[in-house]
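Given next are the chains, with one letter for each unit.
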Amino acid sequence: MVLSVVRAASMVEYRSADYVTYLCNIFADDDTFQDAARVWGEEEIQHGRALAKWARLADPSFDFDGAFADFRANYELDLDAEKSIRGTRTAELLSRCMVEIGTSSFYSSIHDAVEEPVLKQVCTLIARDEFGHYGLFRRHMERYLTQEKLGIWSRIRIMVGRTLETSDDELAYAYHAANRLPEPYNRRAASEAYATRALSLYRPVHIKKGVIMAFKALGLSREGWWQDAIATAVYRIMQWRSRKVPQTPA
Ligand SMILES: [Fe+2]
Ligand SMILES: [Fe+2]
């Protein structure tokens, strides 16, 4: 079960060079951020390599190169964009924070769910990097926030919107390509197959940590009962979603 999720994650991580291109276009006049984005991209590519290597050791029939070529050819990114698809630079960076919150809790949850020592170690190191990436994007977001003045409700809207996108086409296609699901590509089936396997790995502690990080990204660092309430609600939704779908191949 974990193997199919790791295969899909290796695809998305390895594709980060495309996101570096996108981010450097969006922040064309910001050399400091561009340098940071390039280092970030290298680390994400390393994550992809490490996960692919583990997946191949676990299953030598895994054809990473073939699956990645399929993923890249059939899930396209708009690399020529000159303006963030999120509207503003602050919004772009906040979205990146949400992705890093998602990845740091994802690898922490795999670490806590598996017994296999090599995968455990790989996930420890990757989760640590993802936490650092969150801090990186948050620092740059705070810098832009003073210039762009994006209000708290707009930030909450962006944050929730980006969180809901985790069921989008990118992960679904990565899962489809990495696990050789039956052709033609069925987005809903692939997305549900991924959710069934990935969401069941999480424990309440991972969600609570993610909620605290999200509040901090919003500039709301004071802890309170509402964070527990939100974490509990999110965890229940994730559990419901991981159970409601039928099992599909791979
Ligand atoms: Fe990563
Ligand atoms: Fe990351």
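These numbers come from a predicted model, not from an experiment.

S.K.: Explain the overall build of the chain here, please?
M.R.: Scanning the chain from terminus to terminus reveals eleven helices and zero strands. Reading the chain from its N end, one meets helices and strands in the order α-α-α-α-α-α-α-α-α-α-α. When its C-alpha atoms are laid out on the principal axes, the chain stretches across 50 × 45 × 35 Å. For the chain, the residues scored as buried account for 39% of the 250 residues in total. Of the contacts made within the chain by residues no fewer than 6 positions apart, 78% connect residues no fewer than 24 positions apart.

S.K.: Teacher, can you tell me more about helix α7 (residues 152-164) here?
M.R.: Taking 1.5 Å per residue as the helical rise, α7 with its 13 residues ought to reach 18 Å, and the 18 Å between its terminal C-alpha atoms agrees with that figure. Residues of α7 that are buried: Ile158, Met159 and Arg162. What you see down the axis of α7 is that its buried residues fit within an arc of 100 degrees, all on one side. Exposed residues on α7 whose side chains face more than 90 degrees from its buried face are Trp153, Val160 and Leu164. Summarising the contacts, the buried residues of α7 are in contact with α5 (89-113) and α10 (204-217).

S.K.: Help me understand the environment of Tyr75, please; the structure alone is not making it clear to me.
M.R.: Assignment of secondary structure puts Tyr75 in the loop between α4 (64-74) and α5. C-alpha of Tyr75 to C-alpha of Tyr173: the two residues are 98 residues apart in sequence and 6.9 Å apart in space. Residue contacts for Tyr75: discarding those within four places in its chain leaves Asp169, Glu170 and Tyr173.

S.K.: So what exactly am I meant to see when it comes to helix α1 (residues 2-14) here?
M.R.: Spanning 13 residues, α1 covers 18 Å between terminal C-alpha atoms, matching the ideal 18 Å at 1.5 Å per step. Within α1, eleven of the 13 residues are buried, which leaves it mostly tucked inside the rest of the structure. Looking only at α1, the buried set comprises Ser4, Val5, Val6, Arg7, Ala8, Ala9, Ser10, Met11, Val12, Glu13 and Tyr14. Contacts made by the buried residues of α1 are with α2 (16-26), α3 (31-58), α4, α8 (169-178) and α9 (187-199).

S.K.: Sorry, what's going on with the environment of Ser84 here?
M.R.: With respect to the element layout, Ser84 can be found in the loop between α4 and α5. Distance from Ser84 to Leu23, taken between C-alpha atoms, is 8.2 Å for residues 61 residues apart in sequence.

S.K.: What is the right way to look at the nonpolar core in this model?
M.R.: Among soluble globular proteins, nonpolar side chains are generally buried collectively. Membership of the largest hydrophobic core comes to 65 residues, with the highest contact counts inside it found for Ala8, Met11, Leu94, Cys97, Ala174, Tyr175 and Tyr194. Ignoring sequence-local partners within four residues, the contact set of Leu94 consists of Met141, Arg155, Ile158, Met159 and Ala217.

S.K.: Honestly, the environment of Leu136 in this entry has me stumped. Any pointers?
M.R.: By secondary structure assignment, the location of Leu136 is in helix α6 (residues 117-148). The exposure class assigned to Leu136 is buried, which follows from the 20 C-beta atoms found within 10 Å. Separated by 76 residues in the primary sequence, Leu136 and Ile212 have C-alpha atoms spaced 17 Å apart. Leaving out residues up to four positions away in the same chain, Leu136 has contacts with Ala36 and Trp40.

S.K.: Looking at this structure, I do not really get the confidence of the model for the chain. What am I missing?
M.R.: If pLDDT is low for a region, its predicted coordinates should not be looked at in detail. With 96% of its residues at a pLDDT of at least 70, the chain reaches an overall mean of 91. Taken as a whole, residues 246-250 scores under 50 in pLDDT and shows ten contacts with residues more than four places along the chain or in a different chain.

The rules behind the values
- Residues numbered from 1 in each chain as written.
- Chains lettered and ligands numbered in written order.
- Predicted model: local features only at pLDDT ≥ 70, side-chain atom pairs only at ≥ 80, totals over all residues.
- Helix = DSSP H or I, 4+ residues; strand = E, 2+ residues; numbered from the N terminus.
- Buried ≥ 20, exposed ≤ 12 C-beta atoms within 10 Å, placed from the backbone.
- Contact = placed C-beta atoms within 7 Å.
- Expected span 1.5 Å × (residues − 1).
- Arc of directions from axis to C-beta.
- Core = buried A, V, L, I, M, F, W, Y, C linked by C-beta atoms within 7 Å.
- pLDDT = per-residue confidence, 0-100.

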